[in-house]
4 protein chains.
Amino acid sequence: MSKLRVSIVGASGYTGGELIRLLLFHPFVDILQVTSERFFGKPVGKVHPNLRKRTNLKFCGLDDLQECDALFLCLPHGSAQKSIDRFKALAPRIIDLSADFRLNDPLLYEKWYKHPHERPELLSEFVYGIPELHRERMAKAQYISSAGCNATTTILGLYPLFKEGLALPDRTVVEVKVGSSEAGNKATAGSHHPERSGCVRSFMPGGHRHTAEMLQELAFGRDIRIHFSATAIDMVRGVLATAHVFPGKPLSEKEIWQLYRKTYAAEPFIRIVKERDGNYRLPEPKLLWGTNYCDIGFALDEENNRLVVISAIDNLMKGAAGQALQAFNIMNGFEETTALEFPGLHPV
Amino acid sequence: MSKLRVSIVGASGYTGGELIRLLLFHPFVDILQVTSERFFGKPVGKVHPNLRKRTNLKFCGLDDLQECDALFLCLPHGSAQKSIDRFKALAPRIIDLSADFRLNDPLLYEKWYKHPHERPELLSEFVYGIPELHRERMAKAQYISSAGCNATTTILGLYPLFKEGLALPDRTVVEVKVGSSEAGNKATAGSHHPERSGCVRSFMPGGHRHTAEMLQELAFGRDIRIHFSATAIDMVRGVLATAHVFPGKPLSEKEIWQLYRKTYAAEPFIRIVKERDGNYRLPEPKLLWGTNYCDIGFALDEENNRLVVISAIDNLMKGAAGQALQAFNIMNGFEETTALEFPGLHPV
Amino acid sequence: MSKLRVSIVGASGYTGGELIRLLLFHPFVDILQVTSERFFGKPVGKVHPNLRKRTNLKFCGLDDLQECDALFLCLPHGSAQKSIDRFKALAPRIIDLSADFRLNDPLLYEKWYKHPHERPELLSEFVYGIPELHRERMAKAQYISSAGCNATTTILGLYPLFKEGLALPDRTVVEVKVGSSEAGNKATAGSHHPERSGCVRSFMPGGHRHTAEMLQELAFGRDIRIHFSATAIDMVRGVLATAHVFPGKPLSEKEIWQLYRKTYAAEPFIRIVKERDGNYRLPEPKLLWGTNYCDIGFALDEENNRLVVISAIDNLMKGAAGQALQAFNIMNGFEETTALEFPGLHPV
Amino acid sequence: MSKLRVSIVGASGYTGGELIRLLLFHPFVDILQVTSERFFGKPVGKVHPNLRKRTNLKFCGLDDLQECDALFLCLPHGSAQKSIDRFKALAPRIIDLSADFRLNDPLLYEKWYKHPHERPELLSEFVYGIPELHRERMAKAQYISSAGCNATTTILGLYPLFKEGLALPDRTVVEVKVGSSEAGNKATAGSHHPERSGCVRSFMPGGHRHTAEMLQELAFGRDIRIHFSATAIDMVRGVLATAHVFPGKPLSEKEIWQLYRKTYAAEPFIRIVKERDGNYRLPEPKLLWGTNYCDIGFALDEENNRLVVISAIDNLMKGAAGQALQAFNIMNGFEETTALEFPGLHPV
């Protein structure tokens, strides 16, 4: 089989770097081009220093983009919807890692992003990029819109409960703890080390536009609420979501186990993590650095009929590049785990 | 005025060390004795290295304790209730920093601690140690039971709302993020640096016995629930509580400001922190290291009629030694802020 | 006694913030003005969030500066020498925290800073700001130039040996480990948290212009070399210097003890730290956060006739604001430790 | 080709865990057994949580060990020399990751380890485990003794210079900065998070017995000295060595480049890292987490005719499990990089 020629647009950011790292090891892919206006002409290893001596690729400009088999778009928000026609002309398959095409409903987009979508008629052509929810549609799709990292963590943790209608629809509270790489590779006053180090910063206490994705994927026709907060902690990679769910009627620990096992039994990247003892009784993001796993666990607060669901990912992997590659594998009929085999490190 | 002679029982732990640090600078106090069985005879600076060259005190044994004006008890849980008669014979004023005398109701104690209290008749003699709630009783008290660190953070954040009955009683979800010093100075498998570093550990996902204190102090005659979780993060000192409160009816930002300002206007150790921009728009525990502040802020999620209250402390200070000293100052008629003036560091 | 009126020029940086924090507690000082062009009109607590509710001071502009009793200059390198006449007209005493007036010799200045000094004739009016070396001159001085943080750590560690001529003059290797606050409060690509976190960055492997200060202070007429390197590690505050010294003839541990004890016996801010066991056998910068201490210890490698001297400070304190205040106290005849009593925290 | 059956003795430690992780992906190896007395019968994923869902292996006891094609020994110091006959009877090839067989000379062993070696006659059968120095002997060897992590970092950094006799033999000073995983997985007072976090601990200021390996490998018949210090910093994985070398005669930057390029040109795991700008101008250990690289860079201090060589590794990989597997690949005629392809993460 000849290899697929794949290009990455906007490849100098953290997500682009992870995609390059992953694709370099993909047995059925050749990276054709990687673009960056800012680092035009520079070798990839200059920007992604972990890839020194691993590739001779150099960044080219957007204008140099050639036809290829698939395009990954890692552009700032708003850019993909502006240039989508051009990208469609270049490649039959596109995976967009921005937020541009995540919402199916143009009105919802406008509500959450405060401006009308530029190409509302295309929203329905994109499959929302969580394979565990949309694998079958992905297999036939041309266009995929990768899910946000906080949304992925939350949705995968809650999906079994919401699908079965087992959570009171207006009661769920979700608190995510996130690392600094989520905000990208641009230095800002907020990312200055003496300020960001050691912080426990309530940067999105009362909600976040990524909630829109959660509502879209978890509603199943109901009018649901996700009471969302995000806290930035001293960590580079990783998201941990703590979801407080209130089932309408008491659920036993056994029932919950069965529900999650049934839903995710065949999933290669989901592990149910709930042990009796040890330091890693529940999901821990640092174990997932570099991997495509979403680990999910739970605890039952019987006194209050509350179910606490804990889910963790690496935001640059299952929350971005890894999940995009998983979707790409599905689209192309490859084994889903191809080039996503790294199991993570311990200790770290 | 002659100085008060004060002793600290169990002074080799982190809380004991902070008490020594503070009392060394108290203009109206002489530290008489500090006890530690394990470090008997050793100089204080050997165990608390920040105090090298600051004191010549050495640890003595429990059996060497002499009569004094006040005793601080920093013993492991269960010890104070066992030996309370002896301590009462030694000093007219006692501040117990363990959980032994925090709950007023012996039945509640038994429910949460899974064994009967040894001296239930004494519970009513202890004033619960949050000055902002019980200042007047403290001024006349002989015995004070210091509040837990997670409880202090949560109670101070929620008190104005619960006192006024402005929160739906069964809906509040509280997520605390805590540092490693909360677990004390004994090395354990869980505190081993390669494991504890970088962790986001859901160690109390479904509740915690310290919830009992919150219920006691926030009920005001109602049947309330606090849906509590605790997550350990990579930090030594500090607690940040994120409380999701659902008011029965919509509250405006202005009303909330007024409520918190009114409640805490005269409080020397409470700051309302809510700014429009910058890295420190909301409370940040690292700014509080070494101080006795509780910073409180909030965010309104109008879409969902949710109020998110954020409060932060240094667990060893406002959550332990600092608050105990604040109570001691009140008991003895000293200016409340005496020896608690340190404003904290930035950056750190 | 009426209080001295003191102003801080360039008070929005980290060093300026520390000076404000310290001076707010100085019993003989009133802060008259603090300047910042960027934060003109803003309250101090907006920039230095630890000082919220501690001061009502607002930043004024350079042009608003009034006459006062003493000026602290915390300006970027090069500014003080440009405007020194104006500052001299405003205040009889000046402490400059920049590098402008550290070197006594204009030729040396030109060699290390690559441009001629603008006011070479003034260099001799400034006393180099390490009190342990120049206390007597300071007591009579009008102008003091604060020492650099890496230089202070290194000089204090090596001073007893070099003064006595006990080190081979060309052999000493010094490796400092430094935190991120040393580079100031401006966000840069290098201070971006995902890059700076967890780093062990050899940012000055082959030397540093601050070496010039070390040579000036340690030469005692000899032709000496300091082989200096600096490595940035994941820490906000703190410097630890490891100095490898080769005595010409064998020195016993006892002789070294005696030398250091004799030199520093009366010093309020120097502690000899060398214990047989425990985690804090040798100086540890984190214990010094917020303090003005320089802790010094040593280890003897008898096999190689090498003496390893370890010294640690808080770069913003003994390496900047704290040492400047110590000098100010000496200049004004105050107790040297005034407003510098904070002993540091443990654990932290 | 049928796969080799390989067992790991003492597989519950950090090094053992890394070996399992690596060997699970080795196309020519089946892991036959992994032993642990403490975790006997437990699944590997319980101890090495990154391997959950990646293997069904369980720990067996030492007494259960079967014959196999190769044994990796990850036992505490002293155990391998005690039981070596038994291990030799079980497998034709042994890689010992302890310090037991690193020194060729029994007298040197006794000098540094303070007790006679139990099987001095076997020392010469073991090849010292740095492939870049002993690849040819390894290819024919049965027994390999893995090098220490600090020794590996230092030796690889200095080897080109010492081999060519370009360093003054008695002048080299080496300072390594190390993470907490180097001390193993047992919790101690020194590894307690509140103490170990944020530390800059001079734990081996005046030398270390691993210096013996450096002297052995770098002497080339000369009487050399390595003035070694080790400082523990707040990091889990990683070693960075800063070596201060004094060439007898001036070396130009170009000559040094040529020397290192020539020496290491064909090495798959050595990268010369020396760039003009950016955050990663010189080796950075965090980029190497999980990889088998040793990155080497240098800076020339022409003023002092000093050459500073900086080298970095992941102590559990190139400093232990990775290098052991590299040696194993060589012994067995496999491509040297087999199962060692992971390029590391950025950011992290």
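All residue numbers here refer to positions counted from 1 along the written sequence of the relevant chain. Ligands are numbered from 1 and chains lettered from A, in the order in which they are written. In view of the model being predicted, local features appear only for residues whose pLDDT reaches at least 70, and side-chain atom pairs are presented and counted only at 80 or more, with totals across whole chains, interfaces and linings using the full set of residues.

- In the nomenclature of an unreviewed UniProt entry, chain A corresponds to N-acetyl-gamma-glutamyl-phosphate reductase from the organism Caldithrix abyssi.
- UniProt positions are given in the numbering used here, feature names are shortened, and annotations may be inferred rather than shown by experiment. What UniProt states about chain A under its Pathway (unreviewed entry) heading is, verbatim, "Amino-acid biosynthesis."

### Examining the relation of the copies chain D and chain A
Both copies of the chain are related by a screw-like operation: a rotation about an axis and a shift along it.
Phase 1: For the match of chain D to chain A, the screw axis carries a shift of 0.0 Å, the RMSD comes to 0.0 Å, and the turn is 180°. What the superposition gives is, in effect, a two-fold axis relating one chain to the other. Considering only C-alpha atoms, the residue of chain D closest to the rotation axis is Phe342 of chain D, which sits at 4.0 Å.
Phase 2: Contact between two residues is assigned whenever their backbone-derived C-beta positions fall within 7 Å. Here 100% of the interface residues in chain D have copies in chain A that are interface residues too; the copies meet face to matching face. Copy-to-copy superposition: least squares on the C-alpha atoms, limited to residues that have pLDDT of at least 70 in both copies.

### So, unusual backbone geometry
All names here are of chain B.
Phase 1: Between His346 and the following residue, Pro347, the backbone shows a cis peptide bond with an omega angle of -5°.
Phase 2: As for its placement among the helices and strands, Pro347 is situated in the segment after α10 (321–331).
Phase 3: Non-glycine residue Lys114 carries a positive phi angle of around 65°.
Phase 4: Only DSSP runs of H or I covering at least 4 residues are called helices, and only runs of E covering at least 2 are called strands; the numbering of each starts at the N terminus. Examined against the element boundaries, Lys114 turns out to sit in the loop between α4 (106–113) and β6 (126–128).
Phase 5: Buried means a residue has 20 or more other C-beta atoms within 10 Å of its own C-beta, exposed means 12 or fewer, and partly exposed covers the counts in between; C-beta atoms are placed from the backbone. For Lys114, a count of 8 C-beta atoms within 10 Å gives the class exposed.

### Quick notes on the interface of chain D and chain A
Phase 1: Contacts between the two partners involve 30 residues from chain D, matched on the other side by 30 residues from chain A.
Phase 2: Of the residues forming the side of chain D that touches chain A, the biggest block, 3 residues, is contributed by helix α1 (residues 14–23) of chain D.
Phase 3: Residue type decides the class: Asp, Glu, Lys and Arg count as charged, Ala, Val, Leu, Ile, Met, Phe, Trp, Tyr, Cys and Pro as nonpolar, and the leftover types, Gly among them, as polar. Looking at side-chain class alone, the side of chain D that touches chain A contains 14 nonpolar, 8 polar and 8 charged residues.

### Some points on the sheet that holds strand β12 (residues 270–272) of chain C
Residues and elements named next belong to chain C.
Phase 1: By definition, two strands form a pair when at least two bridges between them are found by DSSP. In spatial order, the strands read β9-β10-β8-β11-β14-β13-β12; together these 7 strands make up an open sheet with mixed pairing. The open sheet has two free edges, formed respectively by β9 (200–204) and β12, since each of these has just one partner strand. In this sheet, neighbouring strand axes are inclined to one another by 20° on average, regardless of whether the strands run parallel or antiparallel.
Phase 2: Relative to strand β14 (residues 306–313), strand β13 (residues 294–301) runs antiparallel, the two being bridged by 7 bridges. Directly across from Ala299, in β14, lies its bridge partner Val308.
Phase 3: Here an axis means a line fitted to C-alpha atoms, over the contact stretch when the element is a helix, while the angle between two N-to-C directions is reported on a 0 to 180 degree scale. Against the sheet, helix α6 (residues 149–163) contacts β8 (173–178), β10 (227–233), β11 (239–245), β12, β13 and β14, and its axis sits at roughly 35° relative to β11.

### Topic: the sheet that holds strand β12 (residues 270–272) of chain A
All names here are of chain A.
Phase 1: Read across the sheet, 7 strands follow the order β9-β10-β8-β11-β14-β13-β12 without closing on themselves; strand pairing throughout is mixed. Looking at the sheet topology across the chains shown, the edges are occupied by β9 (200–204) and β12. Across the sheet, the mean angle separating the axes of adjacent strands is 20° when strand polarity is ignored.
Phase 2: Here β12 pairs with strand β13 (residues 294–301) via 3 bridges, running parallel. Bridging from a neighbouring strand, Ile270 pairs with Cys294 of β13.
Phase 3: On top of the sheet, helix α9 (residues 253–264) reaches β12, β13 and β14 (306–313); it is set at about 165° to β12, its chief contact.

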